[in-house]
Every structure is written in structure tokens, then in C-alpha cells.
Amino acid sequence: MNAPVSIDTTVRKAAPTPADLTITVRDERFNRSTSPRRWWAGEPFGTAWHNALSATFPRGEAFFIEAVKAHREGADPKLEAEIRAFIKQEINHTREHIAFNRLAEDAGYDIKAIDTRVAEMLALTKDRPAIANLAVTMALEHYTAMMAAEFLANPKHFAEADPEVRDMWRWHAAEEIEHKGVAYDTWLHATRDWSGWKRWKVRSLVMISVTARFFKNRWTDSLELLKQDGIAGWKAKWGLLKYLTVSPGVVRRIFPAWLAYFKPGFHPWDHDDRKLIELYEGDFEDALMPAE
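What comes next concerns the included structure. (Residues numbered from 1 in each chain as written. Predicted model: local features only at pLDDT ≥ 70, side-chain atom pairs only at ≥ 80, totals over all residues. Heavy atoms only, no water.)

### Section: the overall build of the chain
As a reminder, the rule being used: Strands are runs of DSSP state E lasting at least 2 residues, helices are runs of H or I lasting at least 4, and numbering of each runs from the N terminus. Both definitions apply: the radius of gyration is a C-alpha atom measure, and the globule rule equals 2.2 Å times residues to the power 0.38. Under the scheme applied here, a residue whose accessible area is under 20% of the maximum for its type counts as buried, over 50% as exposed, and between as partly exposed, the area being computed with a 1.4 Å probe on protein chains only. Throughout, a contact is declared for two residues whenever any of their heavy atoms are within 4.5 Å. The Shrake-Rupley method, run with a 1.4 Å probe, gives the accessible areas here. Residue values count only the displayed protein chains as cover. Charge convention: Lys and Arg are scored as positive, Asp and Glu as negative, and His as well as the terminal groups of each chain are ignored. Lys charges are placed at NZ, Arg charges at CZ, Asp charges at CG and Glu charges at CD.
Broken down by element type, the chain carries 10 helices and 4 strands. Along the chain, helices and strands appear, N-terminal first, in the series β-β-β-α-α-α-α-α-α-α-α-α-α-β. Relative to a compact globule of 292 residues, whose C-alpha radius of gyration would be 19 Å, the chain shows 19 Å and is just as compact. Each principal axis of the C-alpha atoms in the chain carries an extent, and together these give about 55 × 45 × 35 Å. Taking all 292 residues of the chain together, 54% fall into the buried category. Contacts in the chain between residues at least 24 apart in sequence constitute 84% of all its contacts with a sequence separation of at least 6. Summed over all atoms, the accessible surface of the chain reaches about 13400 Å², with 57% contributed by carbon and sulfur. Separation of charge centres in the chain, based on 40 positive and 42 negative side chains, amounts to 6 Å.

### Considering the pattern of salt bridges
For clarity, the cut-off: What counts as a salt bridge is simple: a side-chain nitrogen of Lys or Arg found within 4 Å of a carboxyl oxygen of Asp or Glu.
Tallied over the entire structure, the rule returns 18 salt bridges. Residues Glu96 and Arg32 are paired through a salt bridge, measuring 2.7 Å at the closest nitrogen-oxygen approach. In this pair, Glu96 sits in helix 2 (residues 77-106) while Arg32 sits in the loop between strand 3 (25-26) and helix 1 (44-69), placing the two residues 64 residues apart along the sequence. On the basis of relative accessible area, Glu96 is assigned to the buried category, the value being 0%. Judged by relative accessible area, which is 44%, Arg32 ranks as partly exposed.

### Some points on the packing of aromatic side chains
The line we're drawing: Each Phe, Tyr or Trp ring (for Trp, its six-membered ring) is paired with any other whose centre lies within 6.5 Å, and the angle between the two planes then decides the class: stacked below 30 degrees, edge-to-face above 60, tilted in between. Sitting over a ring, as applied to charges here, requires NZ of Lys or CZ of Arg to be within 6 Å of the ring centre and within 35 degrees of the ring normal.
Tallied over the entire structure, the rule returns 19 aromatic pairs. Taking the centre distance of 6.3 Å and the plane angle of 20° together, the rings of Phe158 and Trp169 count as stacked. A residue pair is termed long-range when its members are at least 10 positions apart, and Phe158 in the loop between helix 4 (130-153) and helix 5 (163-178) and Trp169 in helix 5 qualify at 11 residues. Across the ring face of Tyr261, the terminal group of Arg203 is positioned such that the distance to the ring centre comes to 5.5 Å. Above the ring of Trp269, the side-chain terminus of Arg274 is found at 5.8 Å from the ring centroid.

### Topic: the nonpolar core
Applicable threshold: For the purposes of this section, nonpolar cores are sets of buried Ala, Val, Leu, Ile, Met, Phe, Trp, Tyr and Cys residues that join through side-chain atoms within 4.5 Å.
In this structure, Trp40, Trp49, Tyr143, Trp169, Ile177, Leu226 and Tyr261 are the most contacted members of the largest nonpolar core, which totals 76 residues. For this core, the element with the most residues is helix 4, which contributes 13 residues. In contact with Tyr143, not counting residues within four places along its chain, are Met207, Val210, Thr211, Phe214, Phe215, Ile254 and Trp258.

### A closer look at the environment of Arg37
Spelled out, the test is: In protein, a polar contact requires one atom able to donate a hydrogen and another able to accept it; more generally it is a pair of N or O atoms within 3.5 Å, and residues adjacent in sequence count only if both atoms are side-chain atoms.
If you trace the backbone, Arg37 turns up in the loop between strand 3 and helix 1. Separated by 66 residues in the primary sequence, Arg37 and Leu103 place their C-alpha atoms 9.6 Å from one another. Beyond its immediate sequence surroundings of up to four residues, Arg37 is in contact with Gly42, Glu160, Ala161 and Asp162. One polar contact links the side chain of Arg37 to the main-chain carbonyl oxygen of Glu160, over a distance of 2.5 Å.

### Focus: the packing of helix 4 against helix 6 (residues 182-190)
Rules: Note on definitions: angles span 0 to 180 degrees between N-to-C directions of axes, and those axes are lines fitted to C-alpha atoms, for helices only across the stretch in contact. By the definition adopted for this analysis, an angle is roughly parallel if under 35 degrees, roughly antiparallel if over 145, roughly perpendicular if from 65 to 115, and oblique otherwise. Definitions for this section: a left-handed crossing has its near helix turned counterclockwise from the far helix by less than a right angle. A right-handed crossing has that turn clockwise.
Where helix 4 meets helix 6, the axes come as close as 9 Å, and the angle between the chain directions of the two elements is 150°. Judged by the angle between their axes, helix 4 and helix 6 are roughly antiparallel. Here helix 4 runs over helix 6; the crossing is left-handed. Two secondary-structure elements touch here, helix 4 through Ile131, Leu134, Ala135, Thr137, Met138 and Glu141 and helix 6 through Ala183, Tyr184, Thr186, Trp187 and Ala190.

### Some details on the side chain of His97
Looking at where His97 falls in the secondary structure, it is placed in helix 2. Among the residues examined, His97 registers a relative accessible area of 0% and is labelled buried. Filtering out sequence-adjacent residues up to four positions away, His97 remains in contact with Ser54, Phe57, Pro58, Met168, Trp169 and His172.

### Section: unusual backbone geometry
Residues other than glycine predominantly adopt negative phi, and peptide bonds predominantly adopt the trans conformation. Backbone torsion omega between Ser247 and Pro248 reads 0°, so that peptide bond is classified as cis. Secondary-structure assignment places Pro248 in the loop between helix 8 (233-245) and helix 9 (250-260). Even without being glycine, Asn31 reaches a positive phi, approximately 60°. By the secondary structure assignment, Asn31 is in the loop between strand 3 and helix 1. Since its relative accessible area comes to 3%, Asn31 is described here as buried.

The analysis is restricted to geometry; functional conclusions fall outside its scope.
Structural data, given as C-alpha cells:
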């Protein structure tokens, strides 16, 4: 079995990334020869929310990769290794969400409008300072890590889901937890000459802006997908709100972790939740690939 990347960050005093952190690239493939039901989550609201999320991932994760790569020059060898592993994980995530998005289209959903809007938004970043793109990436990586931890900690999210689709989301979640500090540590490296106040101000303002856009767009996208199921108006809005805030309530449940982002001196590894990954590691032993 190929060895995963083991990161020793004891020399990076500004970051509390665990010294024994292992970032493992799992070359898993899902949803190639299956035909899950249209409401693969067992009901329409969770299906719509996750389909809307997945539709943004191929372009979004390519953006994350470029934002981090742009600031790797001069990084210490440990951070360089983390970045390489991060990139390989994100490339695999992109591939699997392309396959999953094809399933959604095969089930009759039109998700092209979501992809088009993401492309238009990313086009606006071309002339933006590279550090701004990294700050956005750092905030969105915090979102993926928060949701990943919730998905693994609370089986209710995918209790009625198609088994292979559920496995894909759990696989993705495990790797998001593993690399949750990479964009942040890259930010610490890129802004090493900034004051603590400037770092806090910029990342906090960016998180507020990202949060507003994230929920506005995912809400709109989910409602559009529900409309394609014939669910519209207050029925759609109430059902989606209940799904997100009541049961299983992913938005309500991640709120404390979101709020922690605004703490001075925050770091994603302030909370070490690798135990969640250990619940699933055995399933992936035969799928490891070298991350170097």
C-alpha cells in the first residue's frame, strides 16, 4: 500500500496544525454504473440542496486549487507537501462531482444555469488581487470543513440516501476534514508580513461577504431544482428552510463553528475532529495512492 503524506508542522509556529496530521489521497470512484432514484436523498429537499452544492464543485474546486497554488512560493517543505496533497484530493473531488452531476442530469435535472452562474462569478475574479482569491478560498474551505464534520458526525443527513451516493459524500467529507487547514496555513504564509489586526479584519469581512453570497445562491439554486420537481412557492421555501434549520438542520448545527471563525487567533485545527475520519478509514485502505 502506498504511503500517505505525513505532515510535521512543528516548525510552523504560527499554525496549530497537528504535528502528526496525515493527508491521504484516496483515489475513489463512485456513481459510474448506478442509476439512483431521482430523489436519491430519500426526499426532495436534501436532494435539491446537495445537487445544488455539487453543481458548483467542479469550477469551485479548480478555483481553490489555483488560489492556493498562487501563494506556495517560499513555503516551507511541510506546507509544500500539504499543498500537493490538497491539490490531488481536490482534483479527485472534481472528477467525482462531475460524475455525480451527470447522474443528476440523467435524472432529469437541468443544472446548467448553476454552472453558468459560477463561471460568470469566477470570471470576475480574474483581475482581483491573488490574495483576495485566497481569502475567499479560505472562507469557503471553512464551509466545506464544517459541513463535512456535520455529515460524518450525524448519520441522519444521509440515512435514506442511495448507498453509493452516500459513500461519495462521506469520502469527500473525510478528505475535506483532513485538508481543512491547508488554505488557512497558506494564508498565514502569504500574509506573514501583515499585522494580526489586518489579518483578522480581512478574513472576517471576507467571511461575511462569502456567507451572504453562499446562502443566497444555494437557496436560489435549490428552489430552482425543487421547481423542476413541481415543488414551488411557500411549500418549497418552508420545506427547504425546515431541512436546513430543523431536521437534519445542517445550517443550525454548523453555526457555532461558523461563529468561531471570527475569533482572534482562530485556526481550523483549533478543533481536532480527525476521529470522524477514523470511522471510515477502513473502507478506503485499498484505494490509497501516493500523494508525493
